[in-house]
Amino acid sequence: EKGGWSSFMAKEVSEQPDAVANTLRGRIAGAAVVVPELTAFGDDALRDIRRIVIVACGTASYAGQVGKYAIEKWTRIPVDVELSHEFRYRDPVLTADTLVISISQSGETMDTLMAVKYARDAGAKAISICNTQGATIPRESDAVIYTHAGPEVAVASTKAFVAQITALYLFALHLARVRGSLSEAEQAEQVVELQGIPAKIATTLLQESTVHELANWMSDTRAVLFLGRHVGFPIALEGALKLKELAYIHAEGFAAGELKHGPIALIEPGQPVFVVVPSPRGSAHLHPKVVSNIQEIRARGARIIAIAEEGDVAVLPFADTVIRIPLASPLFEPLLAVVPLQIFAMELATAKGLDVDQPRNLAKSVTVE
Ligand code: F6R
């Protein structure tokens, strides 16, 4: 079943262009996003939403954090992202105009299922984003957007993650169309960008050899830090989670702006730090701030691995390694930037002789609270 791949994870990482394409399929009509499952949910119900709460665990929650930026930007509806297991035990405020979106690859995660049930009992509507047909969470929801990424066998989530983010973008664009919060021209622009993502992920996968060398070089590293900003922040968190679960290395993701509020004290000579660098074109206001963060930690001896857009020369004087991603509009960059981080964790685990498909202590689907 692995085909010629060394692991299911390697296979699933390589399938990410298809995962995104399959999630998009049948949901774009001309220059606009029309998700049939949301049409069935009802335009009036979508227009009534005043607040969105995303519930999920682990990697799926990071997809939710990326989705928050897109939903808020395109629809102007406030979005909170909550870990499912924290959500229902603190008496959350839920009203009939709150929409709860759950995200789950397996559709069986008990914490997320209980959060959905709790929300519906409190009168909120629930939409699920799920990769597994007929799973429990979609059955307990008012509507489901399936990600169609194909079965994910490796314990570490990869192709489901990019498909979840894609589904959230589709949700946001459908909602923006129904509510009229985005002009037709803006909607059309996003649709074109989105359709270009699978090919750009394929290009990003070609960076594998750079990442492979890096992983071999770093096989006895004890701690790795990840920095990002805006949609790059959840990607930093995801990069750290992948490294923990696969390579058993202590790893932490930070919002780059938080550095000077504490984490910079961790920087000592030789400390590897991955930095997800925002686009100098698309995020002209954030790019220089992240470059200056890089300079600050470089001056304290950090070894910088920059994930930066093709043509971004500002990082060159300060980065020890640059991993290039193709140009994309800022909201779509996470779909590219996460790829080298997945490969890095996988390669480092392999270099340490670990089983990348079955990390210790973990199960694919967590069906207990
Ligand atoms: C990390 C990972 C987990 C899952 C989490 C939610 O690689 O796989 O963090 O993302 O357990 O699982 P699902 O999406 O099945 O609800």
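Residues numbered from 1 in each chain as written. Predicted model: local features only at pLDDT ≥ 70, side-chain atom pairs only at ≥ 80, totals over all residues. Heavy atoms only, no water.

Novice: Lay out the overall build of the chain in plain terms, naming residues and giving numbers.
Specialist: Of the regular secondary structure elements, the chain holds 15 helices and 12 strands. Across the 369 residues that make up the chain, the buried fraction comes to 57%. In the chain, the share of contacts with a sequence separation of at least 24, taken over all contacts with a separation of at least 6, comes to 75%. Only carbon and sulfur atoms are counted for the fraction: they give 51% of the accessible area of the chain, which is about 14,400 Å². For the chain, the distance from the average position of its 34 positive side-chain charges to the average position of its 42 negative side-chain charges is 2 Å. (Helix = DSSP H or I, 4+ residues; strand = E, 2+ residues; numbered from the N terminus. Buried < 20%, exposed > 50% of the residue type's maximum accessible area, 1.4 Å probe, protein only. Contact = heavy atoms within 4.5 Å. Areas by Shrake-Rupley, 256 points an atom, 1.4 Å probe, with all protein chains shown as cover. Lys, Arg positive; Asp, Glu negative; His and termini not counted. Charge placed at Lys NZ, Arg CZ, Asp CG, Glu CD.)

Novice: Which residues make up the pairing of strand S8 (residues 223-228), and what are the values?
Specialist: Taken across its six residues, S8 has five buried, putting it largely inside the fold. Of the pairings in the sheet, the one linking S8 to strand S9 (residues 250-255) comprises six bridges and is parallel in character. Within S9, the position partnered with Ala-223 by the bridge is His-250. Taken together, the three bridges between S8 and strand S10 (residues 272-276) define a ladder with parallel strand orientation. What sits directly across from Leu-227, in S10, is Val-275. (Pairing = 2+ DSSP bridges.)

Novice: How would you explain the sheet that holds strand S4 (residues 79-83) if you had to name every residue and give the values?
Specialist: Strand order across the open sheet formed by five strands is S4-S3-S5-S6-S7, with parallel pairing between neighbours. Looking at which strands have only one partner, the edges of the open sheet turn out to be S4 and strand S7 (143-146). On average, each strand axis in the sheet is inclined to that of its neighbour by 20 degrees, with strand direction left out of account. Pairing between strand S5 (residues 98-104) and strand S6 (residues 125-130): six bridges, direction parallel. The residue of S6 that forms the bridge with Val-100 is Ala-126. Strand contacts of helix H5 (residues 58-75): strand S3 (51-56), S4 and S5, with the helix running at about 175 degrees to S4, the strand carrying the most contacts. (Axes fitted to C-alpha atoms, helices over the stretch in contact; angles between N-to-C directions.)

Novice: Any chance you could break down the side chain of Glu-238 for me, citing the residues and the numbers?
Specialist: Turning to its location among the elements, Glu-238 is positioned in helix H13 (residues 232-247). Judged by its relative accessible area of 0%, Glu-238 falls in the buried class. Contact partners of Glu-238, with chain neighbours within four places excluded, come to Thr-59, Tyr-62, Ser-157, Phe-161 and Val-338.

Novice: Tell me about the sheet that holds S8, residues and numbers included.
Specialist: With parallel pairing, the five strands of this open sheet are ordered in space as S9-S8-S10-S11-S12. Of all strands in the sheet, those bounded by a partner on one side alone are S9 and strand S12 (321-325). The mean inter-strand angle of the sheet, taken between neighbouring strand axes irrespective of direction, is 20 degrees. Most of the contacts of H13 go to S9, to which it runs at about 175 degrees, and overall it touches S8, S9 and S10.

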